[in-house]
Amino acid sequence: SAVISQKPSRDICQRGTSLTIQCQVDSQVTMMFWYRQQPGQSLTLIATANQGSEATYESGFVIDKFPISRPNLTFSTLTVSNMSPEDSSIYLCSVSGRGRHGYTFGSGTRLTVV
Amino acid sequence: GDSVTQMEGPVTLSEEAFLTINCTYTATGYPSLFWYVQYPGEGLQLLLKATKADDKGSNKGFEATYRKETTSFHLEKGSVQVSDSAVYFCALSEDAGGTSYGKLTFGQGTILTVHP
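Residues numbered from 1 in each chain as written. Chains lettered and ligands numbered in written order. Predicted model: local features only at pLDDT ≥ 70, side-chain atom pairs only at ≥ 80, totals over all residues. Heavy atoms only, no water.

**Q** What's the story with the sheet that holds strand β3 (residues 19-25) of chain A in this structure? I'm lost.
**A** Across a sheet, strands are paired by hydrogen bonds formed along the backbone, either parallel or antiparallel in direction. All names here are of chain A. Reading across from one edge, β1-β3-β8-β7 is the order of the 4 strands in this open sheet, with antiparallel pairing throughout. Strands with a single pairing partner mark the edges of an open sheet, and in this sheet they are β1 (4-7) and β7 (68-72). Each neighbouring strand pair of the sheet contributes to a mean axis angle of 15°, computed without reference to strand direction. Here 4 bridges tie β1 to β3, and the two strands are oriented antiparallel to one another. Opposite Q6, over in β3, you have C23 as the bridge partner. (Pairing = 2+ DSSP bridges. Helix = DSSP H or I, 4+ residues; strand = E, 2+ residues; numbered from the N terminus. Axes fitted to C-alpha atoms, helices over the stretch in contact; angles between N-to-C directions.)

**Q** Looking at this structure, how should I read unusual backbone geometry?
**A** As a rule of thumb, non-glycine residues mostly have phi less than zero, and peptide bonds are mostly trans rather than cis. For the bond running from K7 of chain A to P8 of chain A, omega is -10°, close enough to zero to count as cis. A cis amide bond links G9 of chain B to the next residue, P10 of chain B, at an omega of -5°. Topologically, P10 of chain B is positioned in the loop between β1 (3-6) and β2 (11-14). Of note in this structure, N82 of chain A is not a glycine but carries a positive phi near 45°. The residue N82 of chain A is located in the loop between β8 (75-80) and β9 (89-96) in this model.

Here it is, written out as structure tokens:
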């Protein structure tokens, strides 16, 4: 299965600022996914990022708030823009494949907005 | 749209007790079904999966059977250990075709605490 390196692992940010999260995959993958896990909650899909096309956002998430880049088949970034305390969550990237594991998740970015 | 419903927690058990965590789903097609586990302070790990009806996924003593007729994928373990204390997530994915699964839809998660 693929191995994902996600950075940063955690950060504390001031409200009104932006944070960019990076995910690097050790193999080429078609689909990458970005999820949010709010404190004590389940995972919610933010968007699906395919290389060479605009990301597809789920209901309740917009590109201005969560711009995503997917410049090639091994890398993607998610930016959390104009942050507020409500954005405090764990953000995870994921890739899918037909291997034994199906999906691989990054280790997550624990974001605290103060 | 697709959805996953898990039994509400938290679930508290004594060591060696039998565990069942119920999971039912709604999907338009024929999804693949997953159980993920999140240990305290750690990331998400795949526990087991099943890709078609009547398949049984199993790992670390945990089992779940894909029941199309009842749209369920209940997680069971015959004898839990303190080390099984974690949050368990049921999830489904519609087939995206080719070499990839589509996006995952997660249930709300069930917190399991096992006491000695």
